[in-house]
Amino acid sequence: MSDHTTHKEPLLRVSKRRELTKRQAFGVKMISLLLALIAGGIFLAVLGFNPFVIYGTIVSGAFRSKLAVQGTVKLMIPLLISALGVTLAYKMQFWNIGAEGQIIMGAVFASYFALFHSNWPRPVLLIVMLLAAMIGGGIWGLIPAFFKNKWNTNETLFTLMLNYIALHIISFLRDGPWRDPANPGFAKIATFEENATLPKLFGVHIGWLIALILFVLVYIYLKYTKQGYEISVIGGSKATANYAGMHVKKIIIRTIFLSGAICGIAGFSNAAGSDLTLATGVAGGVGFTAIIVAWLADLEPLGILVVSFLFAVLDKGSSVIQSAYGLSTDCSDVLEGIILFFVIAGGFFVRYRFVPRKRKEEKGGENA
Amino acid sequence: MNFWVNFIVAAVVAGTPLLFGTLGEIMNERVGHLNLGVEGMMSLGAIAGFMVGYKTDNFALAMIAAFLSGAAGALVYAVVTVTFMANHTVAGLTLTIFGIGLTNVIGFHYLGMSESGTLKLPEQITQQMRSIHIEGLSDIPVIGDLLFQYNPFVYLGIVFAILLALFYNRTKAGLNVIAIGENPAAADAAGVHVTAWKYVNIVIGGGICGIGGAFTIMITNGGVWISDCVGGLGWIAVALVIFATWKPMNAIWGAFVFGAMRILKYYVNKEIIHIPDAFYDMLPFLVTAIILVVVSVRQVKDKAQPAACGTNYFREDR
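Residues numbered from 1 in each chain as written. Chains lettered and ligands numbered in written order. Predicted model: local features only at pLDDT ≥ 70, side-chain atom pairs only at ≥ 80, totals over all residues. Heavy atoms only, no water.

Enquirer: Give a description of the overall build of chain B that names residues and reports values.
Expert: Scanning chain B from N- to C-terminus turns up 13 helices and zero strands. Taken from N to C terminus, the helices and strands of chain B fall in the order α-α-α-α-α-α-α-α-α-α-α-α-α. Taking 318 residues into account, the globule formula puts the C-alpha radius of gyration at 20 Å, and chain B, at 20 Å, falls close to it. Within chain B, contacts between residues at least 6 apart in sequence are counted, and of these 77% link residues at least 24 apart. Carbon together with sulfur atoms contributes 66% to the accessible area of chain B, which is approximately 12,400 Å² in total. Averaging the coordinates of the 16 positive side-chain charges in chain B and doing the same for the 18 negative ones gives two points 9 Å apart. (Helix = DSSP H or I, 4+ residues; strand = E, 2+ residues; numbered from the N terminus. Rg over C-alpha atoms; globule rule 2.2 N^0.38 Å. Contact = heavy atoms within 4.5 Å. Areas by Shrake-Rupley, 256 points an atom, 1.4 Å probe, with all protein chains shown as cover. Lys, Arg positive; Asp, Glu negative; His and termini not counted. Charge placed at Lys NZ, Arg CZ, Asp CG, Glu CD.)

Put into structure tokens, the structure is as follows:
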């Protein structure tokens, strides 16, 4: 401790810089992305694969046939929907990692009607399922928001716990009350009647249409409504929001309910569109990947549309390289991880810069 | 009596990987970094420990590899969050997704190259990681079973916990580290090397997580490679840190309590108590959620998360 005063100045020190323009920031992101692809390429080369061939196969694999394109879109639906959902929470600096649980609860609530009211007319049933999913996901978001407001309970850790509680609610339902009696050997929940499944449009269940509608709605909500504005003010500073006379707690509750409700829709779409039943894998990590997607897109809906598409291509393409080159599908997770590491590290250069030791500081360059 | 001895022994073994993960995460959170990458770092430790054990047939080398590989994962996290000041939540999640993905890719790669289509640790290392037997001590009834016949990981974990507790409670450096987690600006002003200590703690914490990951494949899974071998234990470890109120000594019994919860369903007489299995699986998370709420309601300062946890420290913002 006493040697503090005798410290040499470090070789590089960090200093704040003037905010880059949007275009410069975008440039930084593209450079980060490029570096990430190079790093990923080195990784592939170390494993003994030609990175150009693998990258090429991933892209062509995601688009090689009509079926492949449909598969890619199908992977994109839950990612896009839940990334839009978590964005609302993150814009408010509410560190919610509970999308996984909210997706699950949305699916659970929707499945109740699918399993026990399958005699209802299809449009009615599907709309009720959609609303039920929103309520289910919303409630799962409200719980941590309530405790956050009331006692400042840590929302990150709380939502993490709720993910697993939700997961085991499914296994409880599967093993007990909702177990399919037609399947005595192995516990599963019955496949939905056709009435309770999402119809197809252009070969993919209409979850994609729901996702696109949600995209437009969230875009408008965040950009052009008073409530969207309130969210970004609270995200900037709760004190400012309070000072401006906003009911911060009320807004948090409302926003987190919406955020959870949107994630719940992803659960509904997965259960009624892809799985056609309620399975423990209904969320399957999408809730976590969605956070990465939202973050890569700087919490901008337009960016989320692009990034969730890219991730879907990566996921779909990786399943092709598994069959073609014997490289595990988990390759997409590795590449996604590398990309995010580079991009969030690159985000640093948008806000800060390194100042070398020798140069005398000039006043003009400083902004801190 | 025999039933209880068996139950406790099983709980200790089931809790040991959690103990490593929890200690690693405590080291991270104590310097203010909520690292959600435990699951990823444990996975990295599992694949490195397994592969080095598989190739060299040497337990010590496997342990070192597991430690280094968990530490390498943590180093990436540290560079991104400490130096580049990225968001902790997102960086941690990325580390988890990346770590599990990389582990599965490598495992799949070697599985594809093996002739039998399976990977199993060779004979010698399997012997080395088997439960110890100390002549005389291990043979004492009950006490010998309860204390002197575990696999080496169990003792290693307890030693780590004690060392870490001594570090925090008995050394000046440990006190400085705690200060970093509570208020890095104050620690910096007092002359503590905030950045250096953050790196040291995060990286060593990651290494300890890595050893816990090696446990899951070497002991729990009997030395046969499977994908996703950590299977969510890393997340339970994050929960356990709350349960242990960020104290290494609490982590020991906390890990064994959580271990007991993990195996409870196999030991309850199902004829008498009718509770669905899912409830037992849910228990650790339910208990942690309740503790989280209770701690925040009562606002017990020394049982709460380090105050600066999850925030980045930028010197010029002081």
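Enquirer: Hey, could you go over the packing of aromatic side chains for me, with residue numbers and the actual values?
Expert: Throughout the structure, instances matching the rule amount to 37 aromatic pairs over all chains. With centroids separated by 6.2 Å and ring planes inclined at 45°, the aromatic side chains of Phe 215 of chain A and Tyr 219 of chain A adopt a geometry described as tilted. You can see Phe 215 of chain A and its partner Tyr 219 of chain A sitting in helix α7 (residues 207-224), four residues apart, about one turn around the helix. A residue is classified by how much of its surface remains accessible, and Tyr 219 of chain A, at 26% relative accessible area, is partly exposed. Here a set of aromatic residues connected by ring pairs shows up, and it is made of Tyr 112, Phe 113, Phe 116, Trp 120 and Trp 178 of chain A. The ring of Trp 151 of chain A carries the charged tip of Lys 150 of chain A above its face, separated from the ring centre by 6.0 Å. A cation over a ring is seen here: Arg 30 of chain B above Tyr 168 of chain B, with NZ or CZ 5.9 Å from the ring centre. (Phe/Tyr/Trp six-rings, centres within 6.5 Å; stacked < 30°, edge-to-face > 60°. Buried < 20%, exposed > 50% of the residue type's maximum accessible area, 1.4 Å probe, protein only. Lys NZ or Arg CZ within 6 Å of the ring centre and 35° of its normal.)

Enquirer: Kindly report on the pattern of salt bridges, identifying the contributing residues and their values.
Expert: Residue and element names in this part refer to chain A. Applying the stated rule across the entire model yields eight salt bridges over all chains. Residue Glu 300 is joined to Lys 223 by a salt bridge in which the shortest nitrogen-to-oxygen separation is 3.7 Å. In this pair, Glu 300 is assigned in the loop between α11 (286-296) and α12 (301-325) and Lys 223 in helix α7, connecting sequence segments 77 residues apart. The partner of Lys 226 in a salt bridge is Glu 230, with the nearest N and O atoms 3.6 Å apart. (Salt bridge = Lys/Arg side-chain N within 4 Å of Asp/Glu carboxyl O.)

Enquirer: Give me the lowdown on the pairing of strand β1 (residues 12-16) of chain A, citing residues and values where you can.
Expert: All names here are of chain A. The side-chain alternation of β1 yields one buried face, formed by Arg 13 and Ser 15, and one unburied face, formed by Leu 12, Val 14 and Lys 16. Pairing of β1 with strand β4 (residues 352-356) involves five bridges; the strand directions are antiparallel. Across the sheet, the residue bridging to Leu 12 is Pro 356, located in β4. (Pairing = 2+ DSSP bridges.)

Enquirer: Tell me about the environment of Leu 75 of chain B, and please be specific about residues and values.
Expert: Residue and element names in this part refer to chain B. Structurally, Leu 75 is set in helix α3 (residues 59-83). Judged by its relative accessible area of 40%, Leu 75 falls in the partly exposed class. Remark: the alpha-carbon pair of Leu 75 and Val 159, spanning 84 residues in sequence, is separated by 24 Å. Every residue in contact with Leu 75, bar those within four places of it in the chain, is listed here: Tyr 199 and Val 203.

Enquirer: Any chance you could break down the interface of chain B and chain A for me, citing the residues and the numbers?
Expert: Interface size is commonly expressed as the accessible area that is lost once the parts come together. Opposite the 50 residues of chain B that make contact, chain A presents 54 residues. Across the chain B/chain A interface, buried area totals approximately 4,800 Å², and carbon plus sulfur atoms make up 78% of it. Taken as a group, Phe 84, Ile 97 and Val 105 of chain B account for 12% of the area that chain B buries against chain A, more than any other trio of residues on that side. Summed over the shared surface of chain B and chain A, the number is zero salt bridges. One can count three residue pairs in polar contact (both at pLDDT 80 or more) joining chain B with chain A. Among the elements of the structure, α3, α4 (88-113), α8 (172-182), α11 (233-243) and α13 (277-298) of chain B are those that each provide at least two residues to the side of chain B that touches chain A. Of the residues forming the side of chain B that touches chain A, the biggest block, 14 residues, is contributed by α4 of chain B. Partitioning the side of chain B that touches chain A into residue classes produces 32 nonpolar, 13 polar and five charged. (Buried area = accessible area lost by both parts, 1.4 Å probe. Polar contact = N/O pair within 3.5 Å; in protein donor to acceptor, adjacent residues only side chain to side chain. Nonpolar A, V, L, I, M, F, W, Y, C, P; charged D, E, K, R; others polar.)

Enquirer: Got a sec to walk through the packing of helix α2 (residues 38-56) of chain B against α4 of chain B? Specific residues and values, please.
Expert: Residues and elements named next belong to chain B. For the pair α2 and α4, interaxial distance at closest approach is 6 Å and the crossing angle is 25°. Comparing their axes, α4 and α2 come out roughly parallel. Two packed elements cross with a definite hand, and for α2 against α4 that hand is left-handed. The residues of α4 that touch α2, namely those facing Val 38, Glu 39, Gly 40, Met 41, Ser 43, Leu 44, Ile 47, Met 51 and Lys 55, are Leu 95, Thr 96, Gly 99, Ile 100, Leu 102, Thr 103, Ile 106, Gly 107 and Tyr 110. Its residues assigned to classes, the contact of α2 with α4 comprises ten nonpolar, six polar and two charged. (Axes fitted to C-alpha atoms, helices over the stretch in contact; angles between N-to-C directions. Parallel < 35°, antiparallel > 145°, perpendicular 65-115°, else oblique. Left-handed = near helix turned anticlockwise from the far one by under 90°.)

Enquirer: Quick rundown of the environment of Ala 190 of chain B? Include the residues and the values.
Expert: All names here are of chain B. Among the structural elements, Ala 190 can be located in the loop between α9 (184-189) and α10 (194-220). Classification of Ala 190 as partly exposed rests on a relative accessible area of 43%. When the C-alpha positions of Ala 190 and Val 295 are compared, they lie 30 Å apart, and in sequence the two are 105 residues distant.

Enquirer: For the nonpolar core, give the residues involved together with the corresponding values.
Expert: With 202 residues, the main nonpolar core has Met 129, Phe 268 and Leu 327 of chain A together with Phe 153 and Met 218 of chain B as its most contacted residues. In this structure Phe 153 of chain B touches Thr 16, Phe 20, Phe 59, Met 63, Ile 211, Ala 214, Phe 215, Met 218 and Ile 219 of chain B, once residues within four positions along its chain are discounted. (Core = buried A, V, L, I, M, F, W, Y, C linked by side-chain atoms within 4.5 Å.)

Enquirer: Help me get a handle on the packing of α2 of chain B against α10 of chain B, residues and values and all.
Expert: Each pair of packed helices gets described by two things: the angle between the helix axes and the distance between those axes. Residue and element names in this part refer to chain B. Close contact between α2 and α10 brings their axes to 6 Å; oriented N to C, the two are set at 60°. Overall, the two elements α2 and α10 adopt an arrangement that is oblique. In the crossing of α2 with α10, the sense of the turn from one axis to the other is right-handed. Here Val 38, Met 41, Met 42, Gly 45, Ala 46, Gly 49 and Phe 50 of α2 come into contact with α10, specifically with Gly 206, Cys 209, Gly 210, Gly 212, Gly 213, Ala 214, Thr 216, Ile 217 and Met 218. Within the contact of α2 with α10, the residues separate by chemical class into nine nonpolar, seven polar and no charged.

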